Each structure stands twice: as structure tokens, then as C-alpha cells.
Amino acid sequence: MSALYAGRTAVLATMHGKQKAIAPAFSSRLQVSVVVPEMLDTDLLGTFTGEIPRFGTIEDAAMAKARAAMKLAGLSLGIASEGSYGPHPQIPFLAAGIELMVFVDNERRIVVKETLIDDAPKFAHVVAGRDDDLSAFLGQVDFPRHGLVVSPNKPVGRAQTFFKGVLTRQTLALAIANSCSVSEDARALVQTDMRAHMNPTRMRALETLAGRLAARIASQCPSCGAPGFGIVGLEKGLPCDYCGGPSVLVRRELLGCASCGHKEARPRQDGLVMAEQRYCTACNP
Ligand SMILES: [Zn+2]
Ligand SMILES: [Zn+2]
């Protein structure tokens, strides 16, 4: 627990119930209360379904949301998160998500951020005709615990209809029938609804990420005392246990300050000091 922000209030930019996942960590680790502004429309800053494209990186998007919420609430502390889901970078046919969470402190002029890779997200889609059996897909995405978004696969004209937050078989059937009727190929695109309140798997990832972010905020820079001292990079080259040359494994963690630019390196936290030969670039090129 850290007293740096004890008794303070931070505004969380969400309209999808993320406070359930984020507020507990801020309250227990930092004694910070989290409020949600009522009039915030984060969809204006881009949506998962793509009706409004997101501009910039996920960090740009998270920062824009945090700043909009801080302005609206008149508070100098803000929290926002942004996720990006797609094919897994290493494993074909698997999906992965990256979640980024930022904490903005306008008084100290710092931004503390943490990311999390979710390699088992509920993120999938299927193209379906009116009478297709979707049982396998629905099982895979754990419907109806996870909501769906249905839209025409090839929309006729420019009007895009999205049925969001679909949570029952009945609504799903109606949404598919309707979408097929306005699709050039008479098929509907059925995808997981990635908004946090519709995707409990994503909500859990945000909970984990909020815990990490709060822990990082509680960690102070040894040089200037600013909050947010944590890992900013990894240095590879853990020595090979056969030849002593550099391996592809991480040798040291680099920690950095969110405010003053102070950096420190520390050995791996798991105590590993040598790499097996199979990770060696010289022995095993
Ligand atoms: Zn070697
Ligand atoms: Zn510092």
C-alpha cells in the first residue's frame, strides 16, 4: 500500500462498466477512489466494431479518453484503458489481445502505463447464413456469458447496421435474419462484442492489469521519489551455460522513472543466471 495518493479521487474514462474491474485495485493499493463521468462518450474516440475508426496508437486513444474524462470531471487524476484484438503475433489461427492502461497525473505531469498481453481472449467471428448451425462457434466464445455483435457481411449501400450486445438466442436469430436481408451475399457477420461489460474474459484481463498499474504507481523512483517506477525494457543476452556467450533469454530488466528519466538495471527476478545451451546464439545458431 502506498500513501502517495491516499484520499484522492481519479476519474476513469469508461462507459462500459470498467470500474468494476479497475476501482478495487486503486482503492486497496492506493486508497484512491474512482469515479466515472456521466456524460462521457468514449465511442466518439473510436469503436471496436469499426463504425468510428480509432485514430493513432492504442496509447493515443487511451490518453485521449483519459484527458476527455479529466476535463469533464474537473480532476487532475485520470485513468483509461484501450485494447486491441487480432491474430496472435506468433501462433497462426490463435487470437490475442493487448490491453494498455494509463494513469495520468496532471499535477506531477506524469503518465504511468502498463500493458498486458491476453493470449486466451474470447475474440472470434463467424460468417453465417440465416439457418446455419452456430453451436460450435457459440460454445467457443462462451455465449451467452459473452455478448455478440451482428452486422451484414456485405452491407447493401452505405448504411451499416450493428446489433450490439446480443445476449440471447432469440435476439441473435433476429439479428442474423435482419443482417442477412440487407447483405449482398445474404450472410451475417457475427463477432464477439469486445466492450468490457459484454466480455467477462476481457473484464478479468482489465482487473489483472489494474492491479499491475496500481502496483507500479505505488513504486517510487529511487532518485526523485515520483510514483510509477517500473520496468521499461528488457535486456537480452543471459550467458550460455556451455560457452558463456549471449543467449536469446533476458539478462536484466531495465527500470525507469515516469518523471525524471532515471534508469536502473536489475537481474532477472526469477534468479536464473545462466541459459541452457539451446537458447545460445553461438552454440545453437
Ligand atoms: Zn553457447
Ligand atoms: Zn525519478
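Residues numbered from 1 in each chain as written. Chains lettered and ligands numbered in written order. Predicted model: local features only at pLDDT ≥ 70, side-chain atom pairs only at ≥ 80, totals over all residues. Heavy atoms only, no water.

**Observations regarding the coordination of the zinc ion (ligand 1)**
Working step 1: Only Cys240 (SG), Cys243 (SG), Cys280 (SG) and Cys283 (SG) from the protein reach the zinc ion (ligand 1) as donors, at distances of 2.2 to 2.4 Å.
Working step 2: Seen from the zinc ion (ligand 1), its four donor atoms lie at angles of 103 to 117°, and the figure they make is tetrahedral.
Working step 3: Accessibility expressed as a relative area gives 28% for Cys283, which makes it partly exposed. (Donors = N, O, S within 2.8 Å, 3.2 Å for Na, K, Ca; no water. Tetrahedral: all angles 85-135°; square planar, octahedral: opposite > 155°, others 65-115°. Buried < 20%, exposed > 50% of the residue type's maximum accessible area, 1.4 Å probe, protein only.)

**A closer look at helix α4 (residues 169-181)**
Three- or four-residue spacings in an α-helix give side chains the same orientation, since the helix completes a turn every 3.6 residues.
Working step 1: Under the 1.5 Å per step criterion, the end-to-end length of α4 is 18 Å for 13 residues, consistent within 8% with the ideal 18 Å.
Working step 2: Turning to α4, its buried residues are Leu172, Ala175, Ile176, Ser179 and Cys180. Each buried residue of α4 lies within a common arc of 125° when the element is viewed along its axis, so the set occupies one face. Among the exposed residues of α4, those oriented more than 90 degrees off its buried face are Gln170 and Leu174.
Working step 3: Buried residues belonging to α4 abut β6 (125-128), α3 (135-140), β7 (148-152), β8 (163-166) and β9 (188-192). (Helix = DSSP H or I, 4+ residues; strand = E, 2+ residues; numbered from the N terminus. Expected span 1.5 Å × (residues − 1). Arc of directions from axis to C-beta. Contact = heavy atoms within 4.5 Å.)

**Quick look at the domain arrangement of the chain**
Working step 1: Assigned domains within the chain: domain 1 (9-120 + 196-218), domain 2 (125-192) and domain 3 (232-279).
Working step 2: The C-alpha-based centres of domain 1 and domain 2 are spaced at 27 Å.
Working step 3: Of the roughly 740 Å² buried between domain 1 and domain 2, counting both surfaces, carbon and sulfur atoms make up 59%.
Working step 4: A class-by-class count of the residues in the side of domain 1 that touches domain 2 yields two nonpolar, three polar and three charged. (Domains from an automatic or database assignment. Buried area = accessible area lost by both parts, 1.4 Å probe. Nonpolar A, V, L, I, M, F, W, Y, C, P; charged D, E, K, R; others polar.)

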